[in-house]
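The residues making up each chain are set out below.
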Amino acid sequence: MTEPAPDADTLRARALATLTTARERTTLLTTCVEDPDLTAQHSPLMSPLVWDLAHIGNQEELWLLRTVAGREAMRPEIDGLYDAFEHPRSERPSLPLLPPAEARKYAAEVRGRVTDLLESADFHGTRLTEAGFAFGMIAQHEQQHDETMLITHQLRTGPQALTAPDPDPAPLFTGPAEVLVPGGPFTMGTSGEPWALDNERPAHRREVGPFHIDTTPVTNAAYQAFIDDGGYDDERWWTKEGWAHVRRHGLHAPLFWHRDGAQWLRRRFGITEVVPPDEPVLHVCWYEADAYARWAGRRLPTETEWEKAARFDPATGGSMRYPWGDADPTPEHANLGQRHLRPAPAGSYPHGASPLGVRQLIGDVWEWTASDFLPYPGFRAFPYKEYSEVFFGPEHKVLRGGSFAVDPVACRGTFRNWDYPVRRQIFSGFRTARSGAV
């Protein structure tokens, strides 16, 4: 039975709440450091924080004020500066960017007008406005840039600028190492999630053979065993491209790790600490994840397998929004929204487990899959090709599940992330799989 569509007041409240949550996080990430840290480029892979701040405001103005409301541009002269496709990240520090105070003022003025717009918004009539999609798209966009800014904070040198409580301690997970996911058809993607983005659509049937998947993400301790066994020095475990990448860049451990005598340390948001053995491994590229899986006699799950493990309900044969069902995430389900600045120990959040018992499929770490980023059958770009379509192809690998840095509005069982297989600054980990029911 199809639930009735939310009324305008409900949609208005949801849009305002998600936009407000995103802006509060943006404010935190751009006020916890001094202006020189906002205007500096902390890595050629990342924009200056002040660019992200004004870009967030510019995209909100472009889509909500100009496109939805039909208003005149507030600052048309800056559109090119904040077009992500016009200037690569490495060039952005040399642009005449708005200084921090002006960027904050601009973003605040845009938000004030958007708040006024919401009071009389019509959530019907066009695909862009239906069910408040445009507002949800902008909230997701801001939260995605918040995650990007958090990555920049991890890359910056200097003292700790952000703090958050650690996840609740969890007993050492002693459950089964893997879970059998039965073969057969299931529905992948979505046609009904109102704020789903174009690459998640449409819903379609997939046939999947039986497979086993790790109950939890691969831990630091497990990954250290790969290092200790000479995994980075053994060509057998690496693809040709991966081996060349390891040799060229001298990789020998996850990003931000270094050895101190007999123990491994890592740098995390300005502090140095012993690598916690029970946490999911973090900051590994696709090549490293793939090599570990080969060393372990396993493989990375395909994107289809990952989504079936996360959404399939064997009791009904249907696909759920999340591993635990259709309800929105709560703190008992998953580590999301920058509540913590680290993954929770492997095996945490039993209330977020799938019906088959797979844990932490949502939150903690983005999980690399074996799959290239490709369109689903029947894909249609919306509302612009540059969101997904220009990235389709073998150059990008799919990540699933979200990390501790992802807000719930930008994380669900159908959500797809993608990146180059060399990327390690992202909050990426993985789990492994194997084919067959035995």
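Just so we're clear, the structure is a prediction, and the values are computed from it rather than from any experiment. Residue indices follow the written sequence of each chain, beginning from 1 at its first position. Owing to the predicted nature of the model, reporting of local features is limited to residues with pLDDT of at least 70; listing and counting of side-chain atom pairs is limited to 80 or more, with chain, interface and lining totals taken over all residues. Water and hydrogen atoms were dropped before computing side-chain values, which therefore reflect all heavy atoms in the structure.

A word on the packing of aromatic side chains
Stacked, tilted and edge-to-face are the three classes assigned to paired rings of Phe, Tyr and Trp, where Trp is represented by its six-membered ring and a pair needs centres within 6.5 Å; plane angles under 30 degrees give stacked, over 60 edge-to-face, the rest tilted. Taken as a whole, this structure holds 28 aromatic pairs when the rule is applied. Here Y223 and Y232 contribute two aromatic rings whose centre-to-centre distance is 6.3 Å and whose plane-to-plane angle is 75°, an arrangement assigned as edge-to-face. You'll find Y223 and Y232 in the same group, each marked buried. Where W257 meets W264, the ring centres are 5.6 Å apart and the plane angle is 50°; that geometry is what we call tilted. When sorted by exposure, W257 lands in the same class as W264, which is buried. A network of ring pairs unites the aromatic residues W63, F85, F373, F379, Y384, Y387, F391, F392 and W418 as a single cluster. Two thresholds decide whether a charge sits over a ring: the Lys NZ or Arg CZ must be within 6 Å of the ring centre and within 35 degrees of the ring normal. Its end group placed over the ring of W243, R247 keeps NZ or CZ at 4.3 Å from the ring centre. Lying across the ring of F312, K308 places its NZ or CZ 4.7 Å from the centre. For each residue, the accessible area found with a 1.4 Å probe, counting protein chains only, is set against the maximum for its type, and the residue is called buried under 20%, exposed over 50%, and partly exposed in between.

Regarding the pattern of salt bridges
Salt bridges are identified by distance alone: a Lys or Arg side-chain nitrogen within 4 Å of an Asp or Glu carboxyl oxygen. Summed over all chains, the structure comprises 36 salt bridges. Linking D35 and R104 is a salt bridge whose minimum nitrogen-to-oxygen distance equals 3.8 Å. Taken as a pair, D35 in helix α2 (residues 35-39) and R104 in helix α4 (residues 100-119) lie far apart in primary sequence, 69 residues in all. The partner of E288 in a salt bridge is R424, and the shortest N-O contact between them spans 2.9 Å. Here R424 lies in the loop between β10 (417-419) and β11 (428-429) and E288 lies in helix α8 (residues 286-295), a separation of 136 residues in the sequence. Judged on exposure class, the residue E288 and its partner R424 are both buried. Each helix corresponds to a stretch of at least 4 residues labelled H or I by DSSP, and each strand to a stretch of at least 2 residues labelled E; elements are numbered beginning at the N terminus.

Here's the deal with the packing of helix α1 (residues 8-31) against helix α5 (residues 133-155)
Interaxial distance between α1 and α5 falls to 9 Å at its minimum, and their mutual angle equals 20°. Viewed along their axes, α1 and α5 adopt a mutual orientation that is roughly parallel. The hand of the α1/α5 crossing is left-handed. On α5, the residues that touch A15, T18, L19, T21, A22, R23, R25, T26, L29 and T30 of α1 are F135, I138, A139, E142, Q143, D146, E147, M149, L150 and H153. Structural elements are reduced to axes, namely lines fitted to C-alpha atoms, with helices fitted over the stretch in contact, and the angle between N-to-C directions of any two is expressed from 0 to 180 degrees. Should an angle lie under 35 degrees it is considered roughly parallel, over 145 roughly antiparallel, and from 65 to 115 roughly perpendicular; all remaining angles are considered oblique. For any helix crossing, the convention is left-handed if the near helix is rotated counterclockwise from the far helix by under a right angle, and right-handed if that rotation is clockwise. Should any heavy atoms of two residues lie within 4.5 Å, those residues are counted as being in contact.

A word on the sheet that holds β11
Strand pairing is assigned whenever DSSP detects at least two bridges linking the two strands. Judged by pairing direction, the sheet is mixed, and its four strands sit side by side in the order β10-β9-β8-β11 without closing on themselves. On the outer flanks of this sheet lie β10 and β11, each paired with one strand and no other. One ladder, built from two bridges, connects strand β8 (residues 366-373) with β11; its direction is parallel. The residue bridging E367 from the neighbouring strand is G429, located in β11.

Topic: the sheet that holds strand β7 (residues 271-274)
Across the sheet, three strands lie side by side as β5-β6-β7; this open sheet has antiparallel pairing. Each having just a single partner strand, β5 (257-260) and β7 make up the two edges of the open sheet. The mean inter-strand angle of the sheet, taken between neighbouring strand axes irrespective of direction, is 35°.

Points about unusual backbone geometry
The amide bond that connects R201 to the next residue, P202, takes the cis arrangement and shows omega of -10°. For P202, the location among the structural elements is in the loop between β2 (184-188) and β3 (204-208). Between F382 and the following residue, P383, the backbone shows a cis peptide bond with an omega angle of -5°. With respect to the element layout, P383 can be found in the loop between β8 and β9 (393-400). A positive phi angle is found at Y349, which is not glycine, with a value near 60°. Its place among the elements puts Y349 in the loop between α9 (303-311) and β8. Under the relative-accessibility criterion, Y349 is labelled buried at 13%.

A word on the pairing of β5
As paired strands, β5 and strand β6 (residues 263-268) are joined by four bridges and run antiparallel to one another. When the bridges of β6 are listed, W257 appears paired with R266. Connecting the antiparallel pair β5 and β6 is a turn made up of two residues, with G261 showing a positive phi of about 65°.

A word on helix α7 (residues 240-249)
Residues G242, W243, H245 and V246 constitute the buried set of α7. Down the axis of α7, the sector holding all buried residues measures 160°, keeping them to one side. Of the exposed residues in α7, those oriented more than 90 degrees away from the buried face are K240 and R248. Close packing links the buried residues of α7 with α8. Summarising the geometry, the arc corresponds to the directions from the helix axis toward the C-beta atoms.

As for the environment of G429
Positionally, G429 belongs in strand β11. Here G429 falls in the buried class, since its relative accessible area comes to 0%. The sequence separation of G429 and V365 amounts to 64 residues, and the corresponding C-alpha distance is 5.4 Å. Aside from chain neighbours lying at most four places away, what touches G429 is V281, V284, V365, W366, E367 and W368.

Let's talk about the side chain of E142
Positionally, E142 belongs in helix α5. By relative accessible area, E142 is classed as buried at 1%. When residues no more than four places from it in sequence are discounted, the contact partners of E142 are A22, R23, T26, I56, E60 and R111.

Function cannot be inferred from these measures alone, as they are strictly geometric.
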